[in-house]
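One-letter residues, chain by chain:
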Amino acid sequence: MTRVWKAVLTLYVLAVTAVSVSKAGYCDYAEPPQEGQFLLCAGGNAIQTVVGHNTSLTVTTRPQYNLTEDLVLNVTSKDPSLIDIPEHVVISDSSNESVIPIAALRAGKTHIQFQYLHSNSAHVIVNLSLVIREVDIVHWEPLNIIITIIGWIYFVAWSVSFYPQIFLNFYRRSVVGLNFDFLAYNLTGFLCYGVFNIGLYWIPEVQREYLSQNPGGVIQVKLNDVVFTLHAVAVTAFTIFQCFIFERKGQRLSIIAILLLIIMWLFAIISLFVAVGGKLSWLLFLNFLSYIKLFVTIIKYVPQAWMNFRRKSTVGWSIGNVILDFTGGSFSILQMFLISYNYDDWNSIFGDPTKFGLGFFSICFDLLFMFQHYVLYRNPPPDLAKDTEKEPLLAESEKEGKMKRLMTILGINY
């Protein structure tokens, strides 16, 4: 467990580092400017403001005080409907800097770029094409904090939702009642979703391609999404391991599940080779993986629901998993709607159909499972009654002995 938390902490540090690097000062450049060349600096962090408010951006040149004349640049916005900025900026040869006023008109995301006003400019700005300042305009700034909190709430709910099933399997020393098709689908889906989240969250090339296709849009993938999927892969793999060591009474993967899994993996592998060959964009490849995850989300609960129906029982299927999954799905969808409202970008909900579908279909099936557990199959058949979640794993005397030893270790009279 300690190693797991160390891994999570390492991923968090890498994420923060990646974000810091991607938003570092635009004066950083691989090669130092030569004689007569300059770097244009426009800060590093994204500009954040509120609709109806004014802010500014300071641009400077380096080395300082070496301009032979005023430098005039064109200033453009990816989405001019979001912000009002001047068409040109003049950087004085005496101060080497200029302040660009920015008026926020509408909520959304855009970025500011610079070009030479005259192609025969006497100054050579070696990093001009790289200077891009992101501007985020929201309806209500505190809502971003609420969105972040909600994100971590559903991250915790979804992450913890795996453990009741693991504990139930261990308690019963049995996985009877837990459908193996569900586990296989789950592992495949989370692997695909993990790669999708990592690509959209960490890879600048993929982010630029997404934003170029969705100008003024917002990427819905957050750090908690990345950490959740990596954790989900590990915990699902451990649950599958339990299926090899605990009683299963002949349960195995169905032929239909095996065929579907082969098709999904072949599709993913072929798409990967096509993307590596340059015939498919990486964003489209990641979208293909997200569609696999969405398909998995739609079908993965069906075998478990059918098994419950055939057995007329939910014994072996943890209701704690279902309740926590329902909580996570509800908060996930709530976060997406709050992000869309704050950035006035309702298309982004369907720009990440996997995240929306993951929450929506999870909620639908969770409601079905709760109905099965609390209404349809409250009283399991006699042959399964002895195998309920309340069945003791150990004999009473053995349990009492273990309890006494534990109390002795803790120094408590028992």
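Everything discussed here concerns the structure shown above.
This is a predicted model, so every value here is computed, not measured. (Residues numbered from 1 in each chain as written. Predicted model: local features only at pLDDT ≥ 70, side-chain atom pairs only at ≥ 80, totals over all residues. Heavy atoms only, no water.)

1. Notes on the sheet that holds strand β8 (residues 108–116)
Pairing between the strands of a sheet is mediated by backbone hydrogen bonds and can be parallel or antiparallel. Our working definition: The pairing criterion for strands is at least two bridges between them, as found by DSSP. The helix and strand labels rest on DSSP assignments: H or I over at least four residues marks a helix, E over at least two residues marks a strand, and numbering proceeds from the N terminus. Convention adopted: a line fitted to C-alpha atoms gives each axis, helices being fitted over their contacting stretch, and angles between N-to-C directions are expressed from 0 to 180 degrees.
Spatial ordering of the open sheet is given by β2-β10-β8-β4-β6, a layout of 5 strands whose pairing is mixed. Because the sheet does not close on itself, it has two edges, and the strands there are β2 (47–50) and β6 (88–91). This sheet shows a mean twist of 30 degrees between the axes of neighbouring strands, independent of strand direction. The pairing of strand β4 (residues 71–77) with β8 spans 5 bridges and is classified as antiparallel. In the strand pairing of β8, Val75 is matched with Phe114.

2. What to know about the environment of Ser254
Let me state the cut-off plainly: Any N or O atom pair separated by 3.5 Å or less is treated as a polar contact, with the protein-specific requirement of one donor-capable and one acceptor-capable atom, and with residues adjacent in sequence counted only for side-chain atom pairs.
With respect to the element layout, Ser254 can be found in the loop between α6 (223–245) and α7 (255–276). One polar contact links Ser254 to Asp181, side chain to side chain, over a distance of 2.6 Å.

3. Details of the environment of Asn287
Relative to the helices and strands, Asn287 is located in helix α8 (residues 282–299). Sequence separation of Asn287 and Phe196 is 91 residues, and the distance between their C-alpha atoms is 7.2 Å.

4. Some details on helix α3 (residues 163–172)
This is how it is decided: Burial classes: relative accessible area under 20% of the type maximum marks a residue as buried, over 50% as exposed, and values in between as partly exposed (1.4 Å probe, protein chains only). Our arc is simply the arc of the directions from the helix axis toward the C-beta atoms. Contacts between residues were defined by any pair of non-hydrogen atoms, one from each residue, lying within 4.5 Å.
Taken as a whole, α3 has its buried residues at Gln165, Ile166, Leu168, Asn169 and Arg172. Angular distribution of buried residues about the axis of α3 spans 165 degrees; they occupy a single face of the element. Looking at the buried residues of α3, the elements they touch are α6. Positive backbone phi, at 55 degrees, marks Arg173, one or two positions downstream of α3.

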